[in-house]
Amino acid sequence: MIPITSFAGLDVAIFGLGASGNATALALMAGGARVAAWDDSDIGRSAAEKAGIPLADLMTENWARFAALVLAPGVPFTHPEPHWTVTKAQGAQVEVIGDVELFGRERAAVCPEAPFIAITGTNGKSTTTALIAHILRESGRDVQLGGNIGFPVLTLDPLTPERYFVVECSSFQIDLAPTIKPSVAALLNITPDHLDRHGTMENYARVKEHLVAGADKFAIVVDDDWTRAIAKRHAGSGAEILTVSTRDTADVTFSGSRIFFRKEPVADLAGIDSLRGRHNGENAAAAYAALRLSGLSDGEIVPHFATYPGLVHRMEQVARLQHVIFINDSKATNAESTETALATWPRGIHVILGGKAKEGGIESLRPYFPRIAKAYLIGAASDDFAKSLGDDVPFEACGTMDVAVARATEAALGSGPAEAVVLLSPACASFDQYKNFEERGEHFRRLVTAELARRRAP
Ligand code: ADP
């Protein structure tokens, strides 16, 4: 745990008692603050109480006594409308912040030398964060990994000058971190997402920009209009910047399977299963840039791409049988993510699609339809997706995952000899049939394992 001392002796309100809210309360208490925590749900409140966190009904509290409100990142700050705790805090001139802000302030106060690498972007955050942490660890550094991935930032081990903090930051977390100042930041991409929480694309992009604006050094992928404009605005600002691109000239580029630094080839990702696809080329190039900015040499970075184990549910290879590979990309909950998966193989893709669709469905995937050998539709989106596929792609309405896995396996194994892929990349949220994308991915993995065991049995 990282005790937060900047509120010692003061009263702090906390709203939202999930993992990060509880960690925040305990870290503030350990640093000497008096906390008053609350959540709308009984379950959240009773779990916090069991952990020894003092509860207070913030609806009836006198807000004048609070030095700050710490909000969980899932609670609306500005849009669609401020949460009632935000309104009360602002009415009493109480600042509203999040756990990443507390971390940043503590670091600035007690250990500003501790390397703090912060990663954001609409897509690829977790992959890039995990890859950076992996390479630092393999090169012998003391590393803590957390934030929007894995463990909440305040549960990490205490700050020391040699310890690297690699922190994934969602836009919600940055929005609640007004003075965030990482030693190195990475911004991957900005595409429409979470607009219900940020109002407009301009606001959303502004929040993402705030992370790099505070950084001493940053890596920025300049492959979309929003990030390109940000890079331009900060050129000459005094920050050390490395631009990254998979399309144009930049300091760090990804082309074919190779990463180039100022036109010199430095790494080849060919054959690294955990970094398949151009999107992972982008993530790896951004990780390379962030690590260079952190002072690592090529010799410390490059050999460790090959041992990156990858993250579950993101283009995760779960099995191979004969010429067929089985890929779990359950995290692809929108068409954009599925597009990156389909872009990975030129043909022979047996893709399982469906669930609870996002607006626009799979229409944007049309240019990739020729790569799909067959689609297997599941869940609530089946009828809509069938309409989009029409006569252009062979498809089968399977209803459920077990049918889809059996049918796709059958067809892919029968397709040889060229490599074929059974790909779960549903372009949908999972809530119509599963609790979350993790449960959906685990189900796929179990079904594939059982299916292959059956086929391998004499
Ligand atoms: P995040 O943490 O931002 O959600 P992840 O690293 O978990 O991102 O990847 C989630 C999905 O997003 C992946 O399965 C992949 O389909 C897609 N993706 C990953 N990296 C990128 C990228 N750089 N650009 C576009 N899409 C990506």
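Position labels on residues start from 1 in each chain and follow its written sequence. Given that this is a predicted model, residues contribute local features only at a pLDDT of at least 70 and side-chain atom pairs are listed and counted only at 80 or more, while totals for whole chains, interfaces and linings are drawn from all residues. Values shown for side chains rest on all heavy atoms present in the structure; no hydrogens or waters enter the calculation.

(A) The overall build of the chain, seen in detail. Under the scheme used here, helices are H or I runs from DSSP no shorter than 4 residues and strands are E runs no shorter than 2 residues, and both carry numbers assigned from the N terminus. The number of helices and strands found in the chain is 15 helices and 21 strands. Only C-alpha atoms enter the radius of gyration, while the globule expectation follows 2.2 Å times N to the 0.38, with N the number of residues. At 23 Å, the chain has a C-alpha radius of gyration in line with the 23 Å of a compact globule built from 458 residues. Expressed as lengths along the three principal axes of its C-alpha atoms, the size of the chain is roughly 70 × 55 × 45 Å. Exposure categories follow from relative accessible area, calculated using a 1.4 Å probe and restricted to protein chains: below 20% of the type maximum is buried, above 50% is exposed, and the middle band is partly exposed. Within the span of the chain, comprising 458 residues, buried residues form 55% of the whole. Of the contacts formed within the chain by residues at least 6 apart in sequence, a portion of 67% connects residues at least 24 apart. As presented, the chain carries roughly 18,600 Å² of accessible surface, and 53% of it is formed by carbon and sulfur atoms. By the convention used here, residues are in contact when the closest approach between their heavy atoms is within 4.5 Å. All accessibility values rest on the Shrake-Rupley procedure with a 1.4 Å probe; residue burial counts only the protein chains present in the view.

(B) Examining the nonpolar core more closely. Grouping buried Ala, Val, Leu, Ile, Met, Phe, Trp, Tyr and Cys residues that are joined through side-chain atoms within 4.5 Å yields what is termed a nonpolar core. Of all hydrophobic cores here, the largest spans 50 residues; its most connected members are Ile14 and Leu28. Domain assignment of the residues forming this core places at least three in each of domain 1 (11-97) and domain 2 (101-304). Ignoring sequence-local partners within four residues, the contact set of Leu28 consists of Ile4, Phe7, Val12, Ile14, Ala33, Val35, Val70 and Leu102. Judged by nonpolar contacts, the second largest core, of 41 residues, contains Phe261, Ile272, Ala289 and Leu293. Domain borders in the structure are assigned automatically or taken from a domain database.

(C) Structural context of the sheet that holds strand β9 (residues 217-221). Taken in spatial order, the nine strands line up as β6-β7-β5-β8-β9-β10-β11-β12-β13 in an open sheet, and their pairing is mixed. With partners counted over all chains shown, the strands left at the sheet margins are β6 (142-147) and β13 (264-268), one partner each. Taking each pair of neighbouring strands and ignoring which way they run, the sheet shows an average axis angle of 20°. Strands are treated as partners if at least two bridges between them are detected by DSSP. The sheet contact formed by strand β12 (residues 258-261) and β13 spans four bridges and is antiparallel. When the bridges of β13 are listed, Phe260 appears paired with Pro265. Fitting a line to C-alpha atoms yields each axis, with helices limited to the stretch in contact; the angle taken between N-to-C directions then spans 0 to 180 degrees. Sheet strands in contact with helix α9 (residues 225-234) are β8 (184-187), β9 and β10 (240-245), and its direction is about 150° off that of β9.

(D) Structural detail: the site of the ligand. When we say a residue is near a molecule or strand, we mean one of its heavy atoms is within 4 Å of it. In the vicinity of the ligand, 16 residues are found, and the nearest of them are Thr127, Asn283, Arg314, Asp329 and Lys331. Here a polar contact is recorded for every N or O atom pair within 3.5 Å, except that within protein the pair must consist of a potential hydrogen donor and a potential acceptor, and residues adjacent in sequence are included only if both atoms are side-chain atoms. Here an oxygen atom of the ligand and a side-chain polar atom of Thr127 are 2.5 Å apart. Here the ligand, which alone exposes 550 Å², has 93% of that area covered by the protein. Partitioned by chemical class, the residues of the shell around the ligand number no nonpolar, 10 polar and six charged. A domain split of the shell around the ligand shows at least three residues from each of domain 2 (101-304) and domain 3 (316-456). Basically, the charged four are Asp, Glu, Lys and Arg, the nonpolar ten are Ala, Val, Leu, Ile, Met, Phe, Trp, Tyr, Cys and Pro, and anything else, Gly included, counts as polar.

(E) Representation of the packing of aromatic side chains. Only the six-membered ring of Trp is used, alongside the rings of Phe and Tyr, when aromatic pairs are assigned; centres must lie within 6.5 Å, and planes under 30 degrees apart are stacked while those over 60 apart are edge-to-face, with the rest tilted. By the definition in use, this model includes five aromatic pairs. Pairing Phe103 with Phe116 gives two aromatic rings, centres 4.9 Å apart and planes at 80°, and the pair type is edge-to-face. With Phe103 in helix α4 (residues 99-110) and Phe116 in strand β5 (residues 116-120), this residue pair connects regions lying 13 residues apart in the sequence. With respect to burial, Phe103 and Phe116 carry one shared label: buried. Aromatic pair Phe103 and Phe165: ring centres 5.4 Å apart, planes at 50°, arrangement tilted. Residue Phe103 is located in helix α4, and its partner Phe165 is located in strand β7 (residues 163-168); the two are separated by 62 residues in the primary sequence. We note that Phe103, like Phe165, is buried.

(F) Local environment of unusual backbone geometry. Cis geometry marks the peptide bond from His79 to Pro80, where omega comes out at -10°. Along the chain, the position of Pro80 falls in the loop between β3 (66-71) and α3 (84-91). Of note in this structure, Arg262 is not a glycine but carries a positive phi near 45°. By secondary structure assignment, the location of Arg262 is in the loop between β12 and β13. On the accessibility criterion, Arg262 (49% relative accessible area) is partly exposed. Although it is not a glycine, His313 sits at a positive phi angle of roughly 70°.

(G) Molecular detail of the sheet that holds strand β2 (residues 34-38). With parallel pairing, the four strands of this open sheet are ordered in space as β2-β1-β3-β4. Strand pairing shows two members of the sheet lacking a second neighbour, β2 and β4 (95-97), which therefore form its edges. Going across the sheet, the axis of each strand differs from the next one's by a mean of 25°, ignoring polarity. Note that strand β1 (residues 11-15) and β2 share five bridges and pair parallel. Within the sheet, the bridge partner assigned to Phe15 lies in β2 and is Trp38. Those strands touched by helix α1 (residues 19-30) are β1, β2 and β3, and its axis lies near 170° from that of β1. Packed on one face of the sheet, α3 meets β1, β2, β3 and β4 and runs near 155° to β3.

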